[in-house]
Amino acid sequence: MIIKQELLKIFRLPIVGILLLFFIIINGLFIWSHSYIKEELSVLTSLVDKYGTAINEEMLAQFGGDYQQISDWVSTIEDLNGKSGYEHPSDLLADDEFFLNPPISDKEFNQLLEYDLIETYYRTAQDIDGIYENVNVRARAEETIDLYGFQGEAAETVRAQFEKLADRKEQLIENGEHKHLFFYGKIYKMHNLLFKDIGMILIFELIILAVLITGAVTNYEFEQKTALVTYTTKIGRKLVIPKLFAAITANTAVIISLIGATLAIYFLVFNYSGLWHVPISSYFNAITDFPYITWWNISFIEYIGLMLLLIYLVMMLFSGMTYILSIWLKNTYLVFISFMVILGLGVLIPGYIPLSTNFSHYIHQTPFFMILNPHEWFMGYSPFTISPYYEVITISSWAVFVAGLIFVSIRRFYRQALH
Amino acid sequence: MLVIENVSKQYGNFQALNSIQLEFQNGIYGLLAPNGAGKTTLIKMIATLMFPTKGEILYNGTNIVALDDKYRDVLGYLPQHFGYYKNYSPEKYLFYLAALKGLDKSTAKQRINELLTLVGLEDVTRKKMKKFSGGMIQRVGIAQEMLNDPKVLILDEPTAGLDPKERARFRKILTSLARDRIIILSTHIVSDVESIANQIIMIKEKKVLYQDTVAHISNQLKGMLFETEVSLAEEDQFRDNYQIIGERQEQEKLIFRFVAEQRLEEAWQEVIPTLEDVFLHVYEDDQTLAGSMK
Ligand SMILES: Nc1ncnc2c1ncn2[C@@H]1O[C@H](COP(=O)(O)OP(=O)(O)OP(=O)(O)O)[C@@H](O)[C@H]1O
Ligand SMILES: [Mg+2]
């Protein structure tokens, strides 16, 4: 009953609805601005329709047979100088004589461009084994250590983690997780689009909403000048507890709505049919020569689930921090500014810690740093977040910390003079 | 019974109240003191919003802080600045507060109807409060504090900003509520409490000066209060010699109401002192009084 009343206070705030709608529109526009690659992406989904995602000998034989036909057709086409006999679409397209004045119809030319993409998928699929043989995790460790300038104990920690990653790479090769068709990362960067760009946008939008909602409902009585009345009723200052639950409920609803709407738009624009169960560690996801390697065999759809879970938990932590600030400051503007300052410090301070002791690793185990690279969650990639349990440790230790502070703050609120 | 037991309150280095000792039985108590005397400070401590620096407040023998929600369950409080949700109707706001006071829905509904009728707001129960006058808001405030049928009802300057008609209505409502409970009403306006309070409490220099009936307090000035005509020529000297409590002009003459140890001149008319006279006399040299009297 009281929680319901507190929830009504939140949802009657025009700013919540307006921001939510505004963010959905922004995200929709952002997704739409990438929709021009849709056509090209469908080349891959058609391939997956035909051959499935798993790259193995049987699949390569079938794929190769079809590719031979493309190759045959390409070899018949002459450029203006009468040169012909190219083996691959890309060879033909690299011939300037041909490219500038293609002696074929527009339709055929478009067909050729599509074949060029198919070639990329086919030849990359063939090369994966070789590529992974050349992925040197230990060398990557040393490069990373040099690049960041780790020293002593901190460098050892990085080395040890990459050592684990080297084992994981062997295991991954055995499973064949890397050998699955997916949108070609080096061209389309779809993993980064969804998990880094959209993931980050979502996180920052949700932070704004979570801080506003939690601050507004917790400070409501002080800002409406009703504190003296409400906090002297029978429930009294314990009213801050239903307020906390109302904030959690409202934040949950907002998180579900914003992420739900954004992902709905995303998957309406981009067709992922046949790709839901492709492992995130697929080589095609890689955007650099060092591929993404998740610590466990996680499929695309599972990764989305984990991302949602982590975003939710991080938002609960941020909501909890906002709640604590509200109990002390009693003013939503102050709370908002303070939270942003804390967030900024949380992001910046770790950068000033010397990289010689393990403290430099611990100081990165904060939700503030964690939200900066959502596309690297559960992966061995960057040195500060490389540990398999980075996310679990960060969330659980901060949950204990924030819960403790909430408890202390409520206790202090009970004993505080209210004006 | 409510007992203020040797309570002092300090704001940092500033002492607002010093060793306050008071006892309240059922009835209306007028807490009468000028601005800044510490009325709100005392009331906020009784309302558990602030805590004494020294001493304690006991309800039926137990510290009110220890009683916690059992005490707040019998408490009704109207703050000096009564806050409300501007977009709510009185009915909706009272429903919310009734929930906070632990009333179930059907009891709340009935109470809210009764109370809004009692305070004369039955026609606007569903109107948004942002359109209400100060008097109407104050009446919502009274309805609000009566929701839980409190045994301790405190009102901090409830008449501030009300016109004389609203004030009279307000006194009537309060008198009708006065049975079986302690009502503490703070004000710096004598007429608010003179006719309805069983006892008057005056605070001066951070301490309780009087806790007594209106008659007893008024008697303090018995035989010391006079009126006389003074010509304009004598005016200045007269002002220097005596404490003037009131004055009015009749034709060419001034009529002064003033305090003196005893009757010194035939022309002086002894008058019966009122509570107002004592109030003006007591706080005559009080800095905080300046500018507060109407
Ligand atoms: N929170 C506070 N911090 C410091 N000093 C305060 C605080 N609240 C009140 N005071 C001071 O304590 C004294 C008593 O204030 P209080 O509000 O209790 O007086 P009051 O009798 O209610 O006055 P008024 O009739 O103007 O409402 C004043 O001097 C005031 O400045
Ligand atoms: Mg006051």
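Just above sits the structure.
Residues numbered from 1 in each chain as written. Chains lettered and ligands numbered in written order. Predicted model: local features only at pLDDT ≥ 70, side-chain atom pairs only at ≥ 80, totals over all residues. Heavy atoms only, no water.

Q: I would appreciate a short explanation of unusual backbone geometry in the present structure.
A: Most peptide bonds take the trans configuration, and most residues that are not glycine carry a negative phi. Residues and elements named next belong to chain B. Unusually for a residue other than glycine, aspartate 68 sits at a positive phi of about 55 degrees. By the element assignment, aspartate 68 lies in the loop between helix H2 (64-67) and helix H3 (69-72). With a phi close to 50 degrees, aspartate 149 is a non-glycine residue in the positive phi region. Topologically, aspartate 149 is positioned in the loop between helix H6 (134-146) and strand S7 (152-156). Taking relative accessible area as the criterion, aspartate 149 reaches 38% and is therefore assigned partly exposed. (Helix = DSSP H or I, 4+ residues; strand = E, 2+ residues; numbered from the N terminus. Buried < 20%, exposed > 50% of the residue type's maximum accessible area, 1.4 Å probe, protein only.)

Q: Would you explain helix H1 (residues 39-46) of chain B in this entry?
A: All names here are of chain B. Most of H1 is tucked away: seven of the eight residues are buried. Within H1 the residues assigned to the buried category are Lys39, Thr41, Leu42, Ile43, Lys44, Met45 and Ile46. Count one or two residues on from H1 and you reach threonine 48, which has phi positive near 65 degrees.

Q: When you look at the interface of chain A and chain B in this model, what are you seeing that I'm missing?
A: Counting from both sides, the interface comprises 29 residues of chain A and, opposite them, 30 residues of chain B. When the two sides are added together, the surface that chain A and chain B hide from each other amounts to roughly 2,500 Å², 60% of it contributed by carbon and sulfur. Viewed at the interface, chain B and chain A are joined by one salt bridge. Here B:Asp68 and A:Lys238 are joined by a salt bridge, their closest N and O atoms 3.2 Å apart. Here chain A and chain B share 13 residue pairs in polar contact (both at pLDDT 80 or more) between them. When residues of the side of chain A that touches chain B are traced back to their parent elements, those giving at least two are helix H1 (2-11), helix H11 (190-223) and helix H12 (227-230) of chain A. Ranked by the residues each element gives to the side of chain A that touches chain B, the list is headed by H1(A), at four residues. Split into classes, the residues belonging to the side of chain A that touches chain B amount to eleven nonpolar, nine polar and nine charged. (Contact = heavy atoms within 4.5 Å. Buried area = accessible area lost by both parts, 1.4 Å probe. Salt bridge = Lys/Arg side-chain N within 4 Å of Asp/Glu carboxyl O. Polar contact = N/O pair within 3.5 Å; in protein donor to acceptor, adjacent residues only side chain to side chain. Nonpolar A, V, L, I, M, F, W, Y, C, P; charged D, E, K, R; others polar.)

Q: Even after reading the chapter, I still don't get the environment of A:Thr233, so can you show me in this structure?
A: Mapped onto the elements of the fold, A:Thr233 is located in the loop between H12 and helix H13 (240-269). Here A:Thr233 is in contact with B:Arg72, B:Leu97, B:Leu100 and B:Lys101, once residues within four sequence places are set aside.

Q: Would you take a moment to explain the coordination of the magnesium ion (ligand 2) for this structure?
A: Only B:Thr40 (OG1) and B:Gln80 (OE1) from the protein coordinate the magnesium ion (ligand 2), and they sit 1.8 to 2.2 Å from it. Of the two residues, B:Thr40 sits in helix H1 while B:Gln80 sits in the loop between strand S6 (75-78) and helix H4 (90-100), which places them 40 residues apart along the sequence. (Donors = N, O, S within 2.8 Å, 3.2 Å for Na, K, Ca; no water.)

Q: What's the story with the pairing of strand S10 (residues 207-212) of chain B in this structure? I'm lost.
A: A regular strand places its side chains so that they alternate between the two faces of the sheet. All names here are of chain B. Sheet topology places strand S9 (residues 199-204) next to S10; five bridges connect them, and they run antiparallel. Across the sheet, lysine 204 pairs through a bridge with lysine 207, a residue of S10. Once S9 ends, the chain turns through two residues before running back antiparallel as S10, passing glutamate 205 with a positive phi of about 50 degrees. (Pairing = 2+ DSSP bridges.)

Q: What is the right way to look at the packing of aromatic side chains in this model?
A: The description of two aromatic rings rests on the distance between their centres and on the angle between their planes. Scanning the model with the defined rule gives 58 aromatic pairs over all chains in all. Taken together, a centroid distance of 4.8 Å and an interplanar angle of 80 degrees make the contact between B:Phe24 and B:Tyr29 edge-to-face. Classification of B:Tyr29 by relative accessible area gives buried; the value is 5%. Among the aromatic side chains, those forming a connected cluster through ring pairs are A:Phe182, A:Phe183, A:Phe195, A:Tyr266, A:Phe267, A:Phe270, A:Tyr272, A:Trp276, A:Phe300 and A:Tyr303. Sitting over the ring of A:Tyr381, A:Arg140 keeps its end group 5.2 Å from the ring centre. Between B:Lys92 and the ring centre of B:Tyr88, over which it is positioned, the NZ or CZ distance is 4.3 Å. (Phe/Tyr/Trp six-rings, centres within 6.5 Å; stacked < 30°, edge-to-face > 60°. Lys NZ or Arg CZ within 6 Å of the ring centre and 35° of its normal.)

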